[in-house]
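# Close look at the chain arrangement
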Amino acid sequence: MTKTIALAGTFDTKGEEFLYVKHLIESLGFKTLTIHTGVFRPQFQPDISNEAIFQAAGEDIQSIVAAEDRAKATLVLSKGMEILLPQLYKAGKFAGVLSFGGSGGTSIVTPGMRALPIGVPKVMVSTVASGNVAHYVGTSDIMMYPSIVDVAGLNQISTRIFSNAVFAIAGMLQFENNQKIEQKPLIAATMFGLTTPCINYAKAYVEKQGYEMLVFHATGIGGKTMESLIEDGFIEGVLDITTTEWADELVGGVLAAGPNRLEAAAKHHIPQVVSVGAVDMVNFGPYESVPEKFTGRKFYKHNPTVTLMRTNVEENKRIGEVIAKKLNLAQGNTSLILPLKGLSGLDVEGQPFYGPKEDQMLFQTLKENVDRTKVQVIELEKAINDRAFAEAAAEKLIQLIEKRKGEK
């Protein structure tokens, strides 16, 4: 069966370039579904008009064109693509999606790409691909490809880039992985460099019980990605050992995961065991990048590009309050497990961030604010990286998962 590639972009301003790509795709034996994401009349007839995108967003194209409000038009088109593109995919209209553009074109098409399931080939050739693309990619698997030169005209550089992008998505669709991997129930876990031993012990434990563990590095995007996969129904249980992203969110570090961190499992009744791994630290870049307002605080230069700052008593109180608030969203199937002897590899006796007063405030705040009718609180006289702590957390999660299975 011939597969179809959705080709989306501004055919009003870049018609020549997209026609070149369309013909190249078809010369390889694929079909195309052309989607016009520009505001004005396209230079060739598309399969899906911009009017259809505006309609998906619940807006009238004529009024927006008449107003000549480019910012609003871009916003509406991006909203429409976020709605329409997954609908077209669900209807079997295409197998992969390819687009080219500058910052505007990229911001219009990538919301639709992000709304597609993980694994659907998505290639975005963009002038902004060499910078920070987190805003465009989010927690999806979009392949961002630098355009090198602007997407404006056909020349020796642009045609080579366009061709390589076409060959890339063609390869994704042509070749299939026939190696079968045993399907096991998935457990999501959060890790940091300074909580790695805990997760390694826990991983070995849950794998012996017949589960597979997906480990997410708690660097902001890691926490967001895990929450997204929970929302999408991939995860059977969550071992949220490393909640350090809340320290960055509340104090102003560089690895924050946003205000919705720690919500997905509770909202979807997914069994979870949560701890306070690496909450003793806030993350910054090189030492010279640390904001001046933190002068005089306790720092640890983890490496030349990462500087850690010890959280203080007041910050730990705030962190405890917000974690408790998030856990209280749960309707059961949730345990909070506290490592009373240290939150990370740096927060144990003899190490730079050892802070009994700071940790005690965190523990006390959590115990005072957690709703015990919804959340079980477990205290262990262990450090987070002790094998006994890791296996106790993993064992508790397996119990919660098995209990939920029995309730279904």
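Computed from a prediction, not measured in an experiment: that's the story for all the values here.

With that settled, consider the packing of helix 1 (residues 15–27) against helix 7 (residues 156–174). Interaxial distance between helix 1 and helix 7 falls to 10 Å at its minimum, and their mutual angle equals 40 degrees. In terms of orientation, helix 1 lies oblique with respect to helix 7. Where helix 1 crosses over helix 7, the two elements pack in a sense that is right-handed. Only Thr-159, Phe-162, Ser-163, Val-166 and Phe-167 of helix 7 make contact with helix 1, whose side of the interface consists of Glu-17, Tyr-20, Val-21, Leu-24 and Ile-25. Class assignment for the residues of the contact of helix 1 with helix 7 results in seven nonpolar, two polar and one charged.

Inspection of the secondary structure assignment puts Glu-245 in helix 10 (residues 245–251). Among the polar contacts listed, one links the side chain of Glu-245 to the side chain of Arg-261, at a separation of 2.7 Å. When residues no more than four places from it in sequence are discounted, the contact partners of Glu-245 are Ala-218, Thr-219, Gly-220, Gly-222, Gly-223, Leu-255, Ala-256, Ala-257 and Arg-261.

This brings us to the UniProt feature "coiled-coil region" (unreviewed entry) in the protein chain. If you check UniProt for "coiled-coil region" (unreviewed entry), the listed places come out as residues 363–400 in our numbering. Secondary structure content for residues 363–400 is 55% helix and 16% strand, and the end C-alpha separation is 23 Å.

Turning next to the sheet that holds strand 5 (residues 143–146). Taken together, five strands build an open sheet; the order of strands is 2-1-3-4-5 and the sheet is parallel. Two strands in the sheet have a free side with no partner beyond their single neighbour: strand 2 (31–36) and strand 5. When strand polarity is set aside, the average angle formed by the axes of neighbouring strands in this sheet is 20 degrees. Where strand 1 (residues 4–9) and strand 3 (residues 96–101) come together, four bridges link them in parallel fashion. Paired with Leu-7 across the bridge in strand 3 is Leu-98.

Rules and cut-offs
- Counting of residues starts from 1 at the beginning of each chain's written sequence and follows it residue by residue.
- Restriction of local features to residues with pLDDT of at least 70 applies here, the model being predicted, together with a cutoff of 80 or more for giving and counting side-chain atom pairs; totals for whole chains, interfaces and linings are based on all residues.
- Just so you know, side-chain values use all the structure's heavy atoms and leave hydrogens and water out.
- Axis definition: a line fitted to C-alpha atoms, limited for helices to the stretch in contact. Angles are taken between N-to-C directions and run from 0 to 180 degrees.
- Helix numbers and strand numbers start at the N terminus; a helix is a DSSP run of H or I with at least 4 residues, a strand a run of E with at least 2.
- Comment on the angle field: the value is read as roughly parallel under 35 degrees, roughly antiparallel over 145, roughly perpendicular from 65 to 115, and oblique elsewhere.
- Crossing chirality is assigned from the near helix's rotation relative to the far helix, an anticlockwise turn below a right angle marking it left-handed and a clockwise turn marking it right-handed.
- The contact criterion used is simple: two residues touch if any of their non-hydrogen atoms lie within 4.5 Å.
- In the scheme used here, Gly and all other residues not listed as nonpolar or charged are polar, with Ala, Val, Leu, Ile, Met, Phe, Trp, Tyr, Cys and Pro taken as nonpolar and Asp, Glu, Lys and Arg as charged.
- Polar contacts, as counted here, are pairs of nitrogen or oxygen atoms within 3.5 Å of one another; within protein the pair requires one atom able to donate a hydrogen and one able to accept it, and residues that are adjacent in sequence qualify only if both atoms are side-chain atoms.
- UniProt positions are given in the numbering used here, feature names are shortened, and annotations may be inferred rather than shown by experiment.
- Two strands form a pair only when DSSP identifies at least two bridges running between them.

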